[in-house]
Amino acid sequence: MIRLCPSILNANFDELPNEIAKVARVSDLLHLDVMDNKFVPNFTFSFERAREIIESSQLPVDVHLMIANADKEALPYLETKAASITVHLEACEDPLSLLTEIRKRGKRAAIAIKPGTGIDEIRELLPALDMILVMTVEPGFGGQKFMSEMMPKVEAARKWLDEGGFGDTWLQVDGGISPNTIASAAEAGADTFVAGSAVYKAEDPAAMVTLLRQIATQ
């Protein structure tokens with residue numbers, strides 16, 4: 001199954017209800033990038049603002065926490081209505097405990113890795129994961145160029161999931177996803193796609209989400 005998760009990173013923050021409404025009918029989840037200006041050199045939302053977005057969203061929210069000290073700082077998000085919470089391996093001291101706690105709260109637990117982190121570093125966490133996120137740009141800013149050199153990581157993760165019986169675990173890619181790049185990510189084995197600039201810079205965001213889904217499904 002192919003899932004499309006528009007990221008509001010490139011949306012108009014002052015008009016978020018309308019921006020979300022533009023894609024709600026054709027999307028699977030809303031991707032919420034939370035940056036703290038510590039783990040990445042950018043700031044997007046405070047916890048209070050993120051919670052408001054999560055609570056009011058017409059779509060289930062896929063929260064991507066690009067925050068330092070995730071073992072502690074991620075915990076408030078477990079009290080929200082988020083459908084899925086992704087933490088970065090690089091920001092966790094005890095990822096297994098955090099992922100286990102996320103699941104206990106009834107949410108999908110996901111781990112993300114930056115381009116410089118090897119995919120092998122998450123293999124032992126597979127039984128605790130509901131989603132793997134392979135970053136296809138350096139996290140922190142929207143509109144970056146898709147890093148095709150990350151596809152071997154996606155291929156490796158897909159092989160592990162298929163051979164290990166983890167059929168319910170999603171494989172997500174985030175960064176530079178567009179009509180020109182989504183096919184290669186899908187061919188590598190990704191089934192869940194975050195798209196920000198391509199969607200919100202399009203004249204018709206909903207039509208772009210539909211197009212991306214069609215390409216990924218071919």
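Scroll up to find the structure.
Heads up: these notes are all about the structure in this document. (Residues numbered from 1 in each chain as written. Predicted model: local features only at pLDDT ≥ 70, side-chain atom pairs only at ≥ 80, totals over all residues. Heavy atoms only, no water.)

**Observations concerning a negative patch on the surface**
Rules: Excluding any residue in a salt bridge, patches collect residues exceeding 30% relative accessible area, merging like charges within 9 Å and nonpolar Val, Leu, Ile, Met, Phe, Trp and Tyr side chains within 5 Å. For the area figures, the Shrake-Rupley method with a 1.4 Å probe applies, and any residue is considered shielded solely by the protein chains shown. Each salt bridge in this description consists of a side-chain nitrogen of Lys or Arg and a carboxyl oxygen of Asp or Glu lying within 4 Å of one another. By the counting rule applied here, Lys and Arg register as positive and Asp and Glu as negative, while His and the ends of each chain are not counted. Every charge is mapped to an atom, namely NZ of Lys, CZ of Arg, CG of Asp or CD of Glu. Helix and strand labels come from DSSP, where a helix needs a run of H or I of at least four residues and a strand needs a run of E of at least two; each type is numbered from the N terminus. For the exposure calls, accessible area comes from a 1.4 Å probe over protein chains only, and a residue counts as buried if that area is under 20% of its type's maximum, exposed if over 50%, partly exposed in between.
Judged by side-chain charge, E90, D120, E121 and E138 come together as a negatively charged surface patch. Mapped onto the secondary structure, D120 falls in the loop between strand 5 (108-113) and strand 6 (131-135). Given the relative accessible area of 59%, D120 is considered exposed.

**Topic: the nonpolar core**
Applicable threshold: By nonpolar core is meant a set of buried Ala, Val, Leu, Ile, Met, Phe, Trp, Tyr and Cys residues that side-chain atoms within 4.5 Å join together. Should any heavy atoms of two residues lie within 4.5 Å, those residues are considered in contact.
In terms of nonpolar packing, the biggest core is built from 76 residues, with I8, L32, V87 and F193 touching the most fellow members. Among the elements that take part in this core, helix 8 (residues 205-217) stands out by supplying six residues, more than any other. Contacts of I8, omitting those with residues within four sequence positions, involve F13, L16, I20, L30, H31, L32, F45, I53 and Y200. Ranked by size, the runner-up nonpolar core spans six residues in total, among them C5, A110, M131 and V194.

**Re the packing of aromatic side chains**
Aromatic rings in a pair are described by how distant their centres are and how their planes are angled relative to each other. Selection rule: Here a Phe, Tyr or Trp ring, Trp counted by its six-membered ring, pairs with any other such ring whose centre lies within 6.5 Å, and the pair is stacked when the planes are under 30 degrees apart, edge-to-face when over 60, and tilted otherwise.
Tallied over the full model, the rule gives two aromatic pairs. Residues F13 and F45 carry aromatic rings whose centres are separated by 4.8 Å and whose planes lie at 40° to one another, so their mutual orientation is tilted. Of this pair, F13 sits in the loop between strand 1 (3-6) and helix 1 (16-24) while F45 sits in the loop between strand 2 (30-35) and helix 2 (47-56), and the two are 32 residues apart along the sequence. Residue F45 is classed as buried on the basis of its relative accessible area, which comes to 5%. With 5.0 Å between their ring centres and 85° between their planes, F47 and Y77 make a pair best called edge-to-face. With F47 in helix 2 and Y77 in the loop between helix 3 (70-73) and strand 4 (84-88), this pair connects stretches of sequence that are 30 residues apart. Neither residue differs from the other here; F47 and Y77 are each classed as buried.

**So, helix 4 (residues 95-104)**
The α-helix advances 3.6 residues per turn, and as a result positions three or four apart in sequence lie on the same side. To keep it simple, the criterion reads: When we speak of the arc, we mean the arc of directions from the helix axis to the C-beta atoms.
Within the sequence span of helix 4, burial applies to P95, L98, L99 and I102. For helix 4, the buried positions fall inside an angular range of 95° around the axis, keeping them on one side. In this structure, the buried residues of helix 4 make contact with helix 3, strand 4 and strand 5. One or two positions beyond helix 4, positive phi appears at G106, with a value near 80°.

**Things to note about the pattern of salt bridges**
Side chains that carry opposite charge are capable of pairing whenever their charged atoms lie near each other. Scanning the model with the defined rule gives ten salt bridges in all. For E52, the salt bridge identified is with R49, shortest N-O distance 3.1 Å. With E52 and R49 both in helix 2, this residue pair falls three residues apart, about one helical turn. For E52, a relative accessible area of 46% gives the class partly exposed.

**A few points about the pairing of strand 2**
Keep this limit in mind: At least two bridges found by DSSP between two strands are what make those strands a pair. Crossovers are described as right-handed under a simple rule: with the strands pointing away from the observer, the path leading from the first strand over the helix to the second runs clockwise.
Most of strand 2 sits out of view: six of its six residues are buried. Side chains L30, L32 and V34 project from strand 2 onto one buried face, and the interleaved H31, D33 and M35 project onto a second face that is buried too. Across six bridges, strand 2 lies against strand 3 (residues 61-66) in parallel orientation. Bridge pairing in strand 3 places M35 opposite M66. Once the chain exits strand 2 it traverses helix 2 before rejoining the sheet at strand 3, and the crossover so formed is right-handed.

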